[in-house]
Amino acid sequence: MSDSSVALAVSLEETTAAVAASPSRRRLPTEEAPWVRRLLITLAVGFLGLFLLLPLVTVFMEAFRKGAGAFIHAFADPAAVDAILLTLMVAVIAVPANLVFGISAAWAIAKFDFRGKAFLVTLIDLPFSVSPVVAGLVYVLLYANHGIFGGWLQSAGIQIIFALPGIIMATVFVTFPFIARELIPLMEELGNTDEEAALTLGASGFRMFWTVTLPNVKWALLYGVLLCNARAMGEFGAVSVVSGHIRGYTNTMPLHIEILYNEYQFVAAFAVASLLAALALVTLGIKSWLEHRYAGDLAAGHRH
Amino acid sequence: MTLYAPFVKPSVLPGFRLTIIFTILYLTMIVLLPLGALLFRASSLGVHELVVLALDGRTLSALRLSFVTSFAAAAFNVPFGLLIAWVLVRYDFPGRRFFDAIIDLPFALPTAVAGIALTALYAPKGWIGSIATIFGLKIAYTPIGVFLALVFVGLPFIVRTVQPVLAEVDRELEEAAATLGAGRLRTIASVVLPVLSPAILTGFALAFARAVGEYGSVIFIAGNIPYVSEIAPLLIVIKLEEFDYAGATAVAAFMLAVSFATLLLINLIQARARTRYGHV
Amino acid sequence: MELDIRNLTKTFGSTAALHGVDLKVASGELLALLGPSGSGKTTLLRCVAGLEIPSGGQILFGGEDASFKSVQERNIGFVFQHYALFKHLTIADNISYGLRVRPRRTRPTAAAIRNKVEELLALIQLPEYGGRYPSQLSGGQRQRVALARALAVEPRVLLLDEPFGALDAKVRKELRVWLREFHDRTGHTTLFVTHDQEEALDLADRVIVMSNGKIEQEGSPEDIYDRPATPFVFDFIGESVRLDIHVDKGRPFVGQQEVSIPRLPPLLFDGPAKLYVRPEHVAFRRDGEGLWATVVSLHRSGSSRRIGFRADGTEMIIEALTPADREPPRIGDRAALEIRAAGLFSGTA
């Protein structure tokens, strides 16, 4: 033991001497020169600072431009409170709806092999590539007074467009794929063996899902819910088309921001905006933390 | 079981019938039926009327602005997205995790918030706008503003599609190129970039498709001057407010067609990459 | 091109991967670097290639110091375990890559490149495969393409890192024979890394056994197998059992019995020692002189039979190998063992 530690000490001495002798300009063939590296990092960080960070900072700077008092005053407006409450209500309905769908779709797609699976996945991705304005428009075409079901709805006394149901439907459409998208790749990767083991041990189908499947995907599920929620609360285009901008009635937070901005109430607009920006930051923070902590549990390469 | 046996591979796991029926029902109600309504409205207009509506001068210039600025923004994001993905994957530096997390900001930040923030930044009195004014450059309320907003929106698509592929690139490929005498730049251009190219194309297509449909981030900074800085999605909103459902449908159908074509293109790129190079 | 490695060291962080390795490789030699994983053999190869920066020492190519040359300047051919073929290029474009990246003034003409590719494809026996992509080839074919790609640049030294490591056993053996013939025809100075002793002993002109960043022994395959120089080589190469014995007045004892071992140099020490015995060097008789022991196990494997003996008065087991068709002893039988060859090293574990 003591012999070998002496040998180690000697060899370390040798190598430090050798390192001192070798010129530092040598680098591995798969590495760039230090100045190139520094230049690239500076460029990338500069670009991110200019294009991503600066707009973010602007939100908070503008919100507090006239001090904390003006910031708080923005929330004394009953219209602002109504907008916040409506937004929460929309999220409370839209997110669980998409959660149930996401789990159901992920179970069918990831755990079973059936014909037309690839096509079904493509259909689920569809809302990602549809403009939010078009998403709003399609509901108007269906349910507005001049729409396909308009006459029928009118005679039944049901109001969908320019009312809460329309806002919720448009939000559900836009945030539709998020949870399924997080779950499908992960559940496919995990395979069926855990569930099969639970069944052989006599678990019922529901119990198996609750005790085996869910714990395996909980972090991906949490992230999907967070993302879905952030999008649901922040959706603008689709909701704008179906809402009719009725203050205190069909105004969500993003729509309220638009109205305030167009009325040149900049501080109030940015104050409400800063709430949504903070929500976005929290979502990103939790995502980053989850990825760091449970690197293997979240499928890499999210696409939104 | 026998009913759907030819459709689904038999499995001991329960719940297929329940979940697939629910999935398809929900999908139909939320997505397929509404999109079908749009196609129904568009087809009832007839090809002739669609073309007439789409070729209206104001519509045409809005579509042109949307497509040109979206293409330009996605193209602009390719080199910078690549650079950022490269730096995040290959180098370690203080704040790397922070910058990695912040890439998703345009995904998470509500578009209206981004829209007013970008406008405040690039307006003539804003931080950047005031600097640009010194050089006689007007950004907000011009197509340049639209372009910059779309750069903001599209950046994560390039970074997030390239990043995982770049992380998987086998270092041995670069070593092999070096042993064969290729310099560093040559190695990156001839060995790394070709491996990344399907991801770059996919990211470009995603960024482009998103930019064409983008509304909230753009309308504040665009200024919405007809024939100059009016984008196609805004035109749909305007036509709807005028109860011109036919006009709105025509523009929407056109944009939808482009979205689907882009989606198809992405699938083709990925299928081609798979068959050509084995599984990349 | 001969190769001279002088006092090469390499540390990763605080762990040393190479401790002052000295090695000379003659021109045209086929040399195997053999050792378990973590022995430093791959690090040594990568230092020679310039893929790793040594912490100290020198590497000379044909007498010229190459220590400070980049990998591109060294003009070596390197073959990776997992081929590292460029998936997006055809086989022909893979092979010609090293020629096409040359600066214009040293780059061969397009026609010359085409000819070179044809010639190499013929040499690796894949003449019709130029237009295909790597994903369309089998593992063995891919490794031959990787070799052709490395040879296209006419390297001064050919370096192979576990070239057969990713192939299945049958292809591995075929490719081994093929590589030996290939080397005899082309005569490149070649270093290859392997952890498979059979491969090294079968293929190489000379074998370098490495462990813990040092060379344990270098020599011909016969030397390495028949005359292991250290306990490590005895353990690592071939089969052997280790007996903890002691030496008294220059004579080795197993338990209380003295053993006679032919061709053993005089023992200049007394005290505990280790005796390494290969099963094929143990013979046994029912009577006569020898190390008396009892049969404790019988095990048939293929064409031979392995018999375990426990030396009298000890718990030590000695194994012997006999042809399977010979009448075996029975468990409990006693026999006199004759040890025809063995290695003896002073000290305990």
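The residue count restarts for each chain, going from 1 along the sequence in the order it is written. Chain A is the first chain written and ligand 1 is the first ligand written, with later ones labelled in order. Totals for whole chains, interfaces and linings use every residue, but because this is a predicted model, local features are given only for residues with pLDDT of at least 70 and side-chain atom pairs only at 80 or more, for both listing and counting. Side-chain figures throughout are based on the complete set of non-hydrogen atoms in the structure, without hydrogens or water.

## Here's the deal with the overall build of chain A
For the purposes of this entry, the term helix denotes a DSSP run of H or I that reaches at least four residues, the term strand denotes a run of E that reaches at least two, and both are numbered from the N terminus. The secondary structure content of chain A amounts to 14 helices and zero strands. Mapped from its N terminus to its C terminus, chain A presents α and β elements in the order α-α-α-α-α-α-α-α-α-α-α-α-α-α. Categorising residues by exposure relies on relative accessible area from a 1.4 Å probe, with only protein chains included: less than 20% of the type maximum marks a residue as buried, more than 50% marks it as exposed, and the intermediate range marks it as partly exposed. In chain A, which comprises 304 residues, the share counted as buried stands at 52%. The long-range share in chain A, meaning contacts at least 24 apart out of those at least 6 apart in sequence, stands at 72%. A total of about 13400 Å² of accessible surface is found on chain A, and carbon and sulfur atoms cover 66% of it. We call two residues contacting when some pair of their heavy atoms lies within 4.5 Å. Here the Shrake-Rupley method, with its probe set to 1.4 Å, supplies the accessible areas, and only the displayed protein chains count as covering residues.

## Topic: the overall build of chain C
Across its full length, chain C holds nine helices and 20 strands. Across its three principal directions, the C-alpha atoms of chain C cover 80 × 45 × 35 Å. When contacts within chain C are restricted to residue pairs at least 6 apart in sequence, those whose partners lie at least 24 apart make up 67%. Per element, the accessible surface of chain C, about 15600 Å² overall, is 48% carbon and sulfur. Separation between the mean location of the 45 positive side-chain charges and that of the 45 negative ones in chain C comes to 5 Å. Under the counting rule used here, the positive set is Lys and Arg, the negative set is Asp and Glu, and His together with the chain ends is not counted. Each charge is placed at NZ for Lys, CZ for Arg, CG for Asp and CD for Glu.

## As for the domain arrangement of chain C
Quite often, the size of an interface is put as the accessible area lost when its parts meet. Residues and elements named next belong to chain C. When cut into domains, chain C gives domain 1 (3-234) and domain 2 (239-346). Using C-alpha coordinates to define each centre, domain 1 is positioned 41 Å away from domain 2. Overall, the association of domain 1 and domain 2 removes approximately 650 Å² of surface from exposure, summing both partners, and the carbon and sulfur fraction of that is 58%. Three residues stand out in domain 1 for area buried against domain 2, namely Y225, P231 and F234, and they jointly supply 88% of the buried area on that side. Take a side-chain nitrogen of Lys or Arg and a carboxyl oxygen of Asp or Glu: if they are within 4 Å of each other, that pair is a salt bridge. The interface formed by domain 1 and domain 2 includes zero salt bridges. Two N or O atoms form a polar contact when they lie within 3.5 Å of each other; inside protein one atom must be a possible hydrogen donor and the other a possible acceptor, and for residues adjacent in sequence the pair counts only when both atoms belong to side chains. Summed over the shared surface of domain 1 and domain 2, the number is three residue pairs in polar contact (both at pLDDT 80 or more). Residues are grouped as follows: nonpolar covers Ala, Val, Leu, Ile, Met, Phe, Trp, Tyr, Cys and Pro; charged covers Asp, Glu, Lys and Arg; every other residue, Gly included, is treated as polar. Taken together, the residues that form the side of domain 1 that touches domain 2 break down as five nonpolar, one polar and no charged. An automatic or database domain assignment supplies the residue ranges for each domain. Using a 1.4 Å probe, buried area is obtained as the accessible area two parts lose upon being combined, added over both of them.

## Describing the interface of chain B and chain A
Between chain B and chain A, the residue contacts involve 98 residues of the former and 96 residues of the latter. Buried area between chain B and chain A, both sides added, is near 8700 Å², and the carbon and sulfur share of it is 78%. Of all residues in chain B, the largest losses of buried area upon contact with chain A belong to L13, Y26 and Y91 of chain B, amounting jointly to 8% of the total for that side. Along the contact surface separating chain B from chain A lie three salt bridges. With a shortest N-O distance of 3.5 Å, K9 of chain B and D113 of chain A are connected by a salt bridge. Counting across the interface, chain B meets chain A through 14 residue pairs in polar contact (both at pLDDT 80 or more). For the side of chain B that touches chain A, the leading source of residues is helix α1 (residues 16-45) of chain B, giving 18 residues. Its residues assigned to classes, the side of chain B that touches chain A shows 74 nonpolar, 14 polar and ten charged.

## Things to note about the domain arrangement of chain A
All names here are of chain A. Along its sequence, chain A is organised into domain 1 (1-63) and domain 2 (67-297). Taken residue by residue, the interface counts six residues in domain 1 and ten residues in domain 2. Taken together, both faces of the contact between domain 1 and domain 2 bury some 610 Å²; the carbon and sulfur share is 83%. For the pair domain 1 and domain 2, the interface holds zero salt bridges. For the pair domain 1 and domain 2, the number of links is zero residue pairs in polar contact (both at pLDDT 80 or more). A per-class count over the side of domain 1 that touches domain 2 returns four nonpolar, one polar and one charged.

## What about the packing of helix α9 (residues 171-179) of chain B against helix α10 (residues 184-213) of chain B?
All names here are of chain B. Viewed as axis vectors pointing N to C, α9 and α10 meet at an angle of 125°, and their least axial separation amounts to 10 Å. With respect to their mutual orientation, α9 and α10 come out oblique. The handedness of the crossing between α9 and α10 comes out as right-handed. Facing L173, E174, A177 and A178 of α9, the residues of α10 in contact are R184, T187, V191 and V192. Simply put, an axis is a line fit to the C-alpha atoms, just over the touching stretch for a helix, and the angle between two N-to-C directions goes from 0 to 180 degrees. With respect to orientation, any angle under 35 degrees is reported as roughly parallel, any angle over 145 as roughly antiparallel, any angle of 65 to 115 as roughly perpendicular, and every other angle as oblique. The sense of a crossing depends on the near helix, which, turned anticlockwise from the far helix by less than a right angle, makes the crossing left-handed and, turned clockwise, makes it right-handed.

## Some remarks on the sheet that holds strand β3 (residues 30-34) of chain C
Residue and element names in this part refer to chain C. Strands qualify as paired when DSSP identifies two bridges or more between them. Spatial ordering of the open sheet is given by β6-β7-β8-β3-β9-β10, a layout of six strands whose pairing is mixed. Bordering the open sheet on either side are β6 (76-79) and β10 (214-219), each of which pairs with just one other strand. The sheet shows a mean angle of 20° between the axes of neighbouring strands, direction not considered. Pairing geometry for β6 and strand β7 (residues 157-161), over four bridges, is parallel. Across the sheet, residue I76 finds its bridge partner in β7, namely V157.

## Regarding the side chain of R144 of chain C
Residue and element names in this part refer to chain C. Of note, R144 is situated in helix α5 (residues 139-152). For the buried R144, which has no salt bridge, the nearest side chain bearing the opposite charge is E174, at an N-O separation of 6.6 Å. When neighbours within four sequence positions are excluded, R144 is seen to be in contact with I124, Q125, L126, L175 and W178.

## Topic: the confidence of the model for chain C
Looking at chain C, the pLDDT average stands at 92 and 99% of residues meet or exceed 70. Predicted complex, confidence summary: ipTM 0.90, pTM 0.87. The predictor attaches a confidence to each residue, and that confidence, scored 0 to 100, is pLDDT.

## Section: the pattern of salt bridges
Counted by the stated rule, this structure contains 40 salt bridges over all chains. In this structure, D223 of chain C and R227 of chain C form a salt bridge, with 3.0 Å as the shortest nitrogen-oxygen distance. Here the residues in one salt-bridge network are K287 and E291 of chain A together with D100, D104 and R160 of chain B, joined through shared partners.

## Description of the sheet that holds strand β1 (residues 3-12) of chain C
Residue and element names in this part refer to chain C. If you walk across this open sheet you meet the four strands as β2-β1-β4-β5, and the pairing is antiparallel. Each edge of the open sheet is held by one strand with a lone partner, namely β2 (15-25) and β5 (64-65). Inspection of the sheet shows strand β4 (residues 56-61) paired to β5 by two bridges, in the antiparallel sense. Paired with F61 across the bridge in β5 is E64. Along the sheet face, helix α1 (residues 41-49) touches β1, β2 and β4 and points at about 115° away from the line of β1.

## Let's talk about the interface of chain B and chain C
With 21 residues of chain B at the interface, the matching set in chain C holds 22 residues. Between chain B and chain C, roughly 2000 Å² of surface is buried when both sides are summed, and carbon and sulfur atoms account for 61% of that area. The tally of links from chain B across to chain C stands at one salt bridge. In this structure, R46 of chain C and E175 of chain B form a salt bridge, with 2.6 Å as the shortest nitrogen-oxygen distance. Applying the counting rule to chain B against chain C returns four residue pairs in polar contact (both at pLDDT 80 or more). Of the residues in the side of chain B that touches chain C, the class split is ten nonpolar, six polar and five charged.

## Structural notes on the confidence of the model for chain A
Residue and element names in this part refer to chain A. When pLDDT is averaged across chain A, the result is 86; 87% of the residues are at 70 or more. When mean pLDDT is taken per element in chain A, helix α2 (residues 34-63) scores highest with 96 and helix α1 (residues 2-21) scores lowest with 40. This stretch, residues 1-24, has a pLDDT under 50; its non-local contacts, to residues over four places away or in other chains, come to eleven contacts.

## A word on the environment of F101 of chain A
Locating F101 of chain A in the fold gives a position in helix α4 (residues 78-111). Owing to a relative accessible area of 0%, F101 of chain A belongs among the buried residues under this scheme. Between the C-alpha atoms of F101 of chain A and I179 of chain A, which are 78 residues apart in sequence, the distance is 8.3 Å. Residue contacts for F101 of chain A: discarding those within four places in its chain leaves I124, F176 and A180 of chain A together with F22, T23 and Y26 of chain B.

## Digging into the environment of S131 of chain A
Residues and elements named next belong to chain A. Counting through the fold element by element, S131 comes out in the loop between α5 (117-125) and α6 (132-143). Accessibility expressed as a relative area gives 5% for S131, which makes it buried. As a C-alpha pair, S131 and R65 span 66 residues in sequence and 34 Å in three-dimensional space.

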